[in-house]
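Given next are the chains, with one letter for each unit.
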Amino acid sequence: MRTVDKSVAGVGERQYHIGVAPGEVSTVALLPGDPFRVPLVAEFLTDVQEVAHQREHRTMVGTYKGRRITATSTGMGCPSTAIAAEELIRVGVTSLIRVGSSAAVQPGVRPGDLLVSEGTLRNDGTTAAYVHPGYPAVPDLPITMELERQAARIASREGVASLNGLNASDDAFYAEGPEWIERLRREGILNIEMESSALYVVARLRGVRAGMVCACSSNLVDGASLYSGTKDALQAGWAASIEAALETAVALEL
Ligand SMILES: O=P(O)(O)O[C@H]1O[C@H](CO)[C@@H](O)[C@H]1O
Ligand SMILES: O=c1cc[nH]c(=O)[nH]1
């Protein structure tokens, strides 16, 4: 019997899930969850090309201020994010920046505010298959510091807040009950999303860099802002977080 080693299989080939081959992408990739948000990244770019769209993974490439940029959607949750990250790394991506939406679990955070991640509580199943329970899910420090700088600048221009802190990655959107949300609040977690745990762990294991800037979609603790009526603020927050990620790519020559 010959067992396949998937940790190295397919490196340098057109990738099974994302449908992208080496040479078709840049060294930096912005990662929204939603394939319909990839064109929102493309609005900032010139010379845009759609490279592939398979399942939830849509990829476009273009240029921002002279730098080649890739945008690939991860889909929702850690399983598809780990696949997208693994396959992007196999075709030459060395910096991965998630541009997502995320729910705040500290009072006072408003829809559209920018949230930069300084580390993730791994409440997901995917990373348990990769590493042991105490393994930290942390972003690249220089990318994070530049994201914080850019997010603060853009947020102040746009009249929203920019906050930095710890987030949780959950697997089960509709199983986030009041006890869990209250515990996260008490422990100082700023926000919840569903992908950064896998992104950071895969990036660390494969020796590449990752970071995350999200737009606040709702606030789960102050009751002032659940999901209805947040659309315009969220849309503006997505654009601001994409701009912060693009400026980071330029500033750090990612
Ligand atoms: O808007 P995206 O990037 O998908 O991020 C957030 O939105 C989804 C849940 O509504 C999850 O994927 C969560 O992480
Ligand atoms: O996990 C998540 C992500 C976004 N919004 C939530 O309420 N939960």
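Up top you'll find the structure we're talking about.
Per chain, the residues get numbers from 1 upward, laid out in the order the sequence is written. Here chains are named by letter from A upward and ligands by number from 1 upward, in the order in which they appear as written. Reporting of local features is limited, given that this is a predicted model, to residues whose pLDDT is at least 70; pairs of side-chain atoms are given and counted only at 80 or more, and all residues count toward the totals for whole chains, interfaces and linings. Note that the side-chain values use all heavy atoms of the structure and ignore hydrogens as well as water.

Draft legend 1. Summary view of the site of ligand 1. As a structural note, the neighbourhood of ligand 1 is formed by Gly33, Arg37, Met76, Arg98, Gly100, Ser101, Phe173, Glu193, Met194 and Glu195. Gly33 is positioned such that a nitrogen or oxygen atom in its backbone is 3.2 Å from an oxygen atom of ligand 1. Side-chain atoms alone can form a polar contact between residues adjacent in sequence; in general such a contact is a pair of N or O atoms within 3.5 Å, and within protein one must be able to donate a hydrogen while the other accepts it. Note that an oxygen atom of ligand 1 is positioned 2.3 Å from one of the side-chain N or O atoms of Ser101. Considered on its own, ligand 1 offers 340 Å² of accessible surface; in the complex 84% of this is hidden by protein. Among the elements that make up the shell around ligand 1, the one with the highest residue count is strand β5 (residues 95-104) (three residues). Any residue with a non-hydrogen atom lying within 4 Å of a molecule or strand is treated as near it. Values of accessible area rely on a 1.4 Å probe in the Shrake-Rupley scheme; residue burial ignores everything except the protein chains shown. The numbering of helices and of strands both runs from the N terminus, where a helix is a DSSP run of H or I of at least 4 residues and a strand a run of E of at least 2.

Draft legend 2. The arrangement of helix α6 (residues 231-251) in detail. Taking 1.5 Å of rise per residue, the 21 residues of α6 would be expected to cover 30 Å, and the 30 Å separating its terminal C-alpha atoms lies within 8% of that figure. Taken from the residues just after α6, Glu253 is the one with a positive phi, measuring 50°. One fewer than the residue count of a helix, multiplied by 1.5 Å, yields its expected span.

Draft legend 3. Local environment of the packing of helix α3 (residues 141-158) against α6. Inter-axis angles, ranging from 0 to 180 degrees, are taken between N-to-C directions of lines fitted to C-alpha atoms, where helices are fitted over the stretch in contact. Closest axis-to-axis distance for the α3/α6 pair is 8 Å, and the angle between their directions is 135°. In this view, α3 runs oblique relative to α6, as classed from their interaxial angle. By crossing handedness, the relation of α3 to α6 is classed as right-handed. Across the interface between the two elements, Ile143, Glu146, Leu147, Gln150, Ala151, Arg153, Ile154 and Arg157 of α3 pack against Ala240, Glu243, Ala244, Ala245, Glu247, Thr248 and Ala251 of α6. Three residue categories are used. Nonpolar comprises Ala, Val, Leu, Ile, Met, Phe, Trp, Tyr, Cys and Pro, charged comprises Asp, Glu, Lys and Arg, and polar comprises the others, including Gly. Here the residues of the contact of α3 with α6 sort into eight nonpolar, two polar and five charged. Any angle that is under 35 degrees is reported as roughly parallel, and any over 145 degrees as roughly antiparallel; angles of 65 to 115 degrees are reported as roughly perpendicular and all others as oblique. When the near helix sits turned anticlockwise from the far one by under a right angle, the crossing is termed left-handed; a clockwise turn instead gives a right-handed crossing. We call two residues in contact whenever any of their non-hydrogen atoms come within 4.5 Å of each other.

Draft legend 4. The nonpolar core, seen in detail. In terms of nonpolar packing, the biggest core is built from 33 residues, with Leu88, Leu96 and Leu199 touching the most fellow members. Looking at this core, the elements with two or more residues in it are β1 (28-31), α2 (78-90), β5, α5 (196-206) and β9 (209-219). Those residues in contact with Leu199 that sit more than four places away from it in its chain are Leu31, Thr81, Ala85, Leu96, Arg98, Ala210 and Gly211. Nonpolar cores were defined as sets of buried Ala, Val, Leu, Ile, Met, Phe, Trp, Tyr and Cys residues, with membership established by side-chain atoms within 4.5 Å. Note on exposure labels: buried denotes an accessible area under 20% of the residue type's maximum, exposed denotes more than 50%, and partly exposed covers the range between, all computed with a 1.4 Å probe on protein chains only. Counting 31 residues, the second-largest nonpolar core is a separate cluster that includes Val41, Ile97, Val99 and Ala249.

Draft legend 5. View of the side chain of Ser73. Tracing the backbone through its elements, the reader meets Ser73 in the loop between β4 (67-72) and α2. For Ser73, a relative accessible area of 0% gives the class buried. A polar contact is formed between the side chain of Ser73 and the backbone oxygen of Glu56, at a distance of 2.7 Å. At 2.8 Å, the side chain of Ser73 forms a polar contact with the backbone nitrogen of Arg58.

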